[in-house]
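# Observations on the model geometry
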Amino acid sequence: MEKGKVTLSVIKADVGGFVGHSSMHPSLLERAKEMLSAEKEKEFLIDYYVTHCGDDLELVLTHKWGAENEKVHKLAWDIFMACTKVAKDLKLYAAGQDLLTDAFSGTIKGMGPGVAEMEIAERASEPVIILMADKTSPGAWNLPLFKIFADPFNTAGLVIDPKIHEGFHFEVLDIVENRTIELACPEEMYDLLVLIGAIGRYIIKAIFRKGDHEIAAVASTQRLNLMAGKYVGKDDPIAIIRSQSGFPAVGEVLEPFAHPHLVEGWMRGSHHGPLMPVSFTQATPTRFDGPPRVIACGFQLNRGRLVGPRDLFEDLSFDGARKLANEIAEYLRRHGPFQPHRLHLEEMEYTTMPEVMARLKGRFKS
Ligand code: F6R
Ligand code: MG
Ligand code: MG
């Protein structure tokens, strides 16, 4: 914890769906709010906001305790456990899905929930945008984050704002080798793209402004399926992005989502689909359990208080993206069980391949 700084922690988990994996029962949101309001009263938290994107419970917390604080993580864990109990009592679907262990051991990282945190010295005005997605995976942020912080056709500020003209550093996580690398844009852009174009392996973890190395964005990077060694649900991602004066403008942060790019994770975590930007109320994926959704919560931080959120994709200028996403969804759905709608064999979270191969053994001729 650093004096005068405020920490923004966004922690999420799927602890039970309503109905199926499509949305969240209000009683889970209520339980989370009750517990967080008690912590705000005790002044452990400065502020909080609770919402959901599809079947994922999203906790937005502000406090003075720094990133990766054991007590903050324990609080989030306790809330997920309590909400799991509510989900179990109501026999909601897949209660406790993302909680991989029973006992908390110092950090919530590696235990199933997704985490994105940043400790910052609040600027004179501090607009932040929190992205939350359902029916996809952490690699879904690579393309939009690249566009926001490195593509001059997206972010006019890279060309015309002296404060960001120098560019940004991208910290990339190799989720297979569990190692990170930092690459500078624009000069190492092509190296960066060779990595982050492979969205199943190289994931943008954080972005820093060049010069002062000020944190600009962080994303959740856990992959439940690699962590658990077996399929235990998808790792629907979150990201925090700072905006305006010295960072991309709000409109530059949202602009990539006007193009509903293809992501992994639709239906049984085994299909590609377009990422559709939606309002809070439309974050309820029901067509073929999708298509994948993203919501954007805009806040002004005020000494750690969360002023907001504004529902940033509610704007009618995203109607075209939604229409296009639904057309792409329709087009892909016609491929049924064929790639590229169905994911590559290694990326599928459901497969009958071993059983089928065992049964067909001996019938292959060479
Ligand atoms: C879950 C998801 C869904 C499920 C599907 C089957 O986030 O994407 O498509 O994978 O509804 O769920 P089960 O196997 O739990 O019946
Ligand atoms: Mg679920
Ligand atoms: Mg989900």
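Overview of the structure. Here the structure is a predicted model, which means the values were calculated and not measured.

## Quick look at the overall build of the protein chain
Helices and strands together make up the secondary structure of the protein chain, namely 10 helices and 15 strands. Expected size for 366 residues packed as a compact globule is a radius of gyration near 21 Å; at 20 Å, the protein chain falls within 12% of this value. Summarising its shape, the C-alpha atoms of the protein chain cover approximately 70 × 50 × 40 Å along the three principal directions. Put simply, the protein chain has 366 residues, and 56% of those count as buried. Of the contacts made within the protein chain by residues no fewer than 6 positions apart, 68% connect residues no fewer than 24 positions apart.

## A closer look at the environment of S22
Its place among the elements puts S22 in the loop between β1 (6-13) and α1 (26-41). Separated by 18 residues in sequence, S22 and K40 have C-alpha atoms that sit 30 Å apart. Sequence-distant contacts of S22, that is, excluding residues within four places in its chain, are made with G54, D55, A283, T284, P285 and T286. A polar atom in the side chain of S22 sits 2.7 Å from the backbone oxygen of V19.

## Things to note about the sheet that holds strand β4 (residues 114-120)
A sheet is described by the order of its strands in space; here four strands give the open sequence β2-β3-β1-β4, paired in antiparallel fashion. Lying at the two open borders of the sheet, with one neighbouring strand each, are β2 (47-53) and β4. The sheet shows a mean angle of 10° between the axes of neighbouring strands, direction not considered. Two strands pair when backbone bridges link them, and β1 and strand β3 (residues 56-63) are joined in this way by seven bridges, in the antiparallel orientation. Each bridged residue has a counterpart across the sheet, and for S9 the counterpart in β3 is L61. Here α1 sits on the sheet in contact with β2 and β3, set at roughly 165° to β2. Sheet strands touched by helix α2 (residues 70-89): β1, β3 and β4. Its angle to β3, the strand with the most contacts, is close to 150°.

## Focus: the packing of aromatic side chains
Scanning the model with the defined rule gives seven aromatic pairs in all. Taking 5.6 Å as the distance between ring centres and 20° as the angle between the ring planes, the aromatic pair formed by F44 and W65 counts as stacked. Separated by 21 residues along the polypeptide, F44 in the loop between α1 and β2 and W65 in the loop between β3 and α2 bring together distant segments of the chain. The exposure class assigned to F44 is buried, which follows from its relative accessible area of 15%. Judged by centre distance (6.4 Å) and plane angle (80°), the rings of W141 and F257 are edge-to-face. Here F257 lies in the loop between α7 (250-254) and β11 (262-265) and W141 lies in the loop between β5 (126-134) and α3 (142-150), a separation of 116 residues in the sequence. Taken individually, W141 and F257 each receive the classification buried, so the pair is uniform in this respect. Cluster of aromatic residues (ring-pair linked, three or more members): W141, F257, F313 and F318. In this structure, R209 packs its charged tip against the face of F247, placed 4.6 Å from the ring centre. A cation sits over an aromatic face here: R333 above F288, 3.5 Å from the ring centre.

About the thresholds
Residues numbered from 1 in each chain as written. Chains lettered and ligands numbered in written order. Predicted model: local features only at pLDDT ≥ 70, side-chain atom pairs only at ≥ 80, totals over all residues. Heavy atoms only, no water. Helix = DSSP H or I, 4+ residues; strand = E, 2+ residues; numbered from the N terminus. Rg over C-alpha atoms; globule rule 2.2 N^0.38 Å. Buried < 20%, exposed > 50% of the residue type's maximum accessible area, 1.4 Å probe, protein only. Contact = heavy atoms within 4.5 Å. Polar contact = N/O pair within 3.5 Å; in protein donor to acceptor, adjacent residues only side chain to side chain. Pairing = 2+ DSSP bridges. Axes fitted to C-alpha atoms, helices over the stretch in contact; angles between N-to-C directions. Phe/Tyr/Trp six-rings, centres within 6.5 Å; stacked < 30°, edge-to-face > 60°. Lys NZ or Arg CZ within 6 Å of the ring centre and 35° of its normal.

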